[in-house]
Amino acid sequence: MENARRGDPAWAIIRAGTTQAVEGFADRVSVLAGERFGLHVSTVASGFTVSAYRMGWYGGARARLVWRSAVLPGHRQPAATVDAKTRTVHTGWARTTTVDTTDWPEGSYLLRLDAQGGAGQRYVPITVRSPSTTGRTVVVNAVATWQAYNLWGGHNLYDGPAGGRKNRSLEVTFDRPYQYGHGAGQFLVYEAPLIALAEQLGIPLAYTTGVDLARDPDLLRGAAALLSLGHDEYWSDSQRQHVTAARDAGTNLAILGANCCFRRIRFGASAYGPDRDIACYKADYRTDPGFLAGGAATQKFRAAPGANPESSLLGVIYDDYPVDAAYVVTNPGHWLFTGTDVTYGDSFPHLVGAEFDRVNTIWPTPRPLEILAHSPVTCEGRPSFSDTAYYSAPGGAGVFASGTMRWVEALDAKGPGGRGNHGMNAAAGAFARTTTKNLLLAFATGPVGRSRPARDNVDAVYRAG
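Values in this document were obtained by computation on a predicted structure and should not be read as measured data.

## Considerations on the overall build of the protein
Counting secondary structure elements, the protein contains 11 helices and 24 strands. Since a compact globule built from 465 residues should have a radius of gyration of about 23 Å, the 22 Å found for the protein is in line with a globular shape. Its C-alpha atoms put the protein at 65 × 55 × 45 Å along the principal axes. With 465 residues in all, the protein has 60% of them scored as buried. Long-range contacts, defined as pairs at least 24 residues apart, comprise 73% of the intrachain contacts of the protein with a sequence gap of at least 6. Total accessible area on the protein is roughly 17400 Å²; 52% of this is exposed by carbon and sulfur atoms. Looking at the protein, you have 45 positive and 41 negative side-chain charges, and the mean spots of the two groups are 2 Å apart.

In structure tokens, the structure reads:
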């Protein structure tokens, strides 16, 4: 019913302006409809407006305007500071306004900040989460991963102003704007195309974030399926435990990216509220106060101490970066490829990249597991494979993993290739859309591993090379 409403194609930013023209953040990553959250905005303009767009299908418009503020007074907030020990960027910005979400439908939202006089525009993401996921397919906004890569203020979990590990943050916080995507983080690239397709299909959806999954052990109770979107790298131990329990209870899992559940993190409180800070010390975990106090090491899930390789949940395991390779179909008769008309050996240029996963049985690997596509890649001179895989869990769940980070991006590939979408062409887009539709429609019906069990072919595929 929501997606039958008229969309607003004018939601997109067309005049971003300078970096400091206008920017902001919400002091909650998610709210229930009817709850209020604070908006913290800095701008060079004397005033600005806030427009709340719910992202979806809407006949191809991709968004609907749900609410717009009056003109609010604008001012520059103080410069950010950097913690000397953790290199965490702190804003300390005051609350500019409070937003009431009464009557807002559940979903993923972008708030657009428009500075007066055309000085600039920026987004602020917020999720209006669903109070129940029972019987629904759950869309998970991967906000921790967005924040891990957020270089606003000069530091993220990878780099600092001087570049490299020695200058990176050991902890990051949601208490700052997103530098990428005009403030949208990674949402528009890795999540919006899948949400549009899922809403176009009309299946029952629920919305949440990785932070909420970590916090609430009952959130996925009775859920039909869970969708991990294009880049979902950073998980806490509790999120992993809750998703694993849901799989064991029959909730289907769709991993539509690569490098999923790779880094273990810990959430902590900031001055703005609980679960606002993200610790990931990686190789420096021995200096982490949380680890020294008895907590888990915030580094790779597969690494000691407390090793728990992601393959035991996903079926595939992260292999390497970067690659740009063709996606090669090796199991064309699989039900997920119905309607694609693919044959053995058909390939789609550039669909594999930039990070990729594979089946590797030296790591814990659920069986029976069926490889659907086995794509040769070469990464920094080392030959390997990217695998699309499907396994059926003992509790009845079906688990799908695309094996490539470009799967969600491919949903929007419609041209001849070349520029845009990493060169993926209309054929790759049509293939990805049809396969994803088959996946979503089947997974929405409940534990698909019972009715469509995997036919293990791992040994045969890898013997054939």
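## A few points about the sheet that holds strand β9 (residues 97-100)
Pairing within the open sheet is antiparallel, and its three strands lie in the order β1-β3-β9. Both edges of this open sheet fall to β1 (22-26) and β9, since each of them pairs with a single strand only. Direction aside, neighbouring strands of the sheet carry axes that sit 30° apart on average. By the bridge criterion, four bridges tie strand β3 (residues 36-43) to β9 in an arrangement that is antiparallel.

## Thoughts on the nonpolar core
Grouped together as the largest cluster of nonpolar side chains are 75 residues, with contacts concentrated most on Leu256, Tyr327, Phe431 and Phe443. Counting 30 residues, the second-largest nonpolar core is a separate cluster that includes Leu213, Val243, Ala246 and Tyr391.

## What to know about unusual backbone geometry
Put simply, Tyr321 and Pro322 share a cis peptide bond, and its omega is -5°. Residue position: Pro322 is located in strand β20 (residues 317-328). Backbone geometry places Arg87, a non-glycine residue, at a positive phi of 55°. Among the structural elements, Arg87 can be located in the loop between β7 (81-82) and β8 (89-90).

## Description of the sheet that holds strand β13 (residues 171-173)
What the four strands build is an open sheet, ordered β13-β19-β18-β16; its pairing is mixed. The open sheet has two free edges, formed respectively by β13 and β16 (234-236), since each of these has just one partner strand. The sheet shows a mean angle of 50° between the axes of neighbouring strands, taken without regard to direction. Sheet topology note: the β16/strand β18 (residues 263-270) ladder contains three bridges and is parallel. The residue of β18 that forms the bridge with Ser236 is Ile265. Strands β16 and β18 of the sheet are contacted by helix α5 (residues 237-248), whose axis makes an angle of about 85° with β16.

## A short note on the packing of aromatic side chains
Here a ring pair, both rings aromatic, is described through the centre-centre distance and the interplanar angle of the planes. Going through the model one piece at a time under the given rule, you end up with 21 aromatic pairs. Their ring planes at 65° and their centres at 5.0 Å tell us that Phe262 and Tyr318 sit as a pair that is edge-to-face. With Phe262 in the loop between β17 (252-255) and β18 and Tyr318 in strand β20, this pair connects stretches of sequence that are 56 residues apart. Residue class for Phe262 comes out buried when judged on its relative accessible area of 5%. Considering the side-chain rings of Phe337 and Phe431, the 5.4 Å spacing of their centres and the 45° angle between planes classify their relative orientation as tilted. With Phe337 in the loop between β20 and β21 (347-358) and Phe431 in helix α9 (residues 426-443), this residue pair connects regions lying 94 residues apart in the sequence. The same class applies to Phe337 as to Phe431, namely buried. Taken together, Tyr327, Phe337, Phe348, Phe400, Trp407 and Phe431 form an aromatic cluster joined through their ring pairs. In this structure, Arg240 is placed above the aromatic ring of Phe301, and the distance from its NZ or CZ to the ring centre is 5.1 Å.

## Here's the deal with the state of the cysteines
Within this structure, the stated rule accounts for zero disulfides. Looking at the unpaired Cys280, the closest cysteine sulfur is the one in Cys261, lying at 12 Å. The class for Cys280 is buried, based on a relative accessible area of 0%. In this structure Cys379 is not part of a disulfide, and its nearest cysteine sulfur, from Cys260, lies 19 Å away.

Here is what the cut-offs are and how they apply
- Residues numbered from 1 in each chain as written.
- Predicted model: local features only at pLDDT ≥ 70, side-chain atom pairs only at ≥ 80, totals over all residues.
- Heavy atoms only, no water.
- Helix = DSSP H or I, 4+ residues; strand = E, 2+ residues; numbered from the N terminus.
- Rg over C-alpha atoms; globule rule 2.2 N^0.38 Å.
- Buried < 20%, exposed > 50% of the residue type's maximum accessible area, 1.4 Å probe, protein only.
- Contact = heavy atoms within 4.5 Å.
- Areas by Shrake-Rupley, 256 points an atom, 1.4 Å probe, with all protein chains shown as cover.
- Lys, Arg positive; Asp, Glu negative; His and termini not counted.
- Charge placed at Lys NZ, Arg CZ, Asp CG, Glu CD.
- Pairing = 2+ DSSP bridges.
- Axes fitted to C-alpha atoms, helices over the stretch in contact; angles between N-to-C directions.
- Core = buried A, V, L, I, M, F, W, Y, C linked by side-chain atoms within 4.5 Å.
- Phe/Tyr/Trp six-rings, centres within 6.5 Å; stacked < 30°, edge-to-face > 60°.
- Lys NZ or Arg CZ within 6 Å of the ring centre and 35° of its normal.
- Disulfide = S-S within 2.5 Å.

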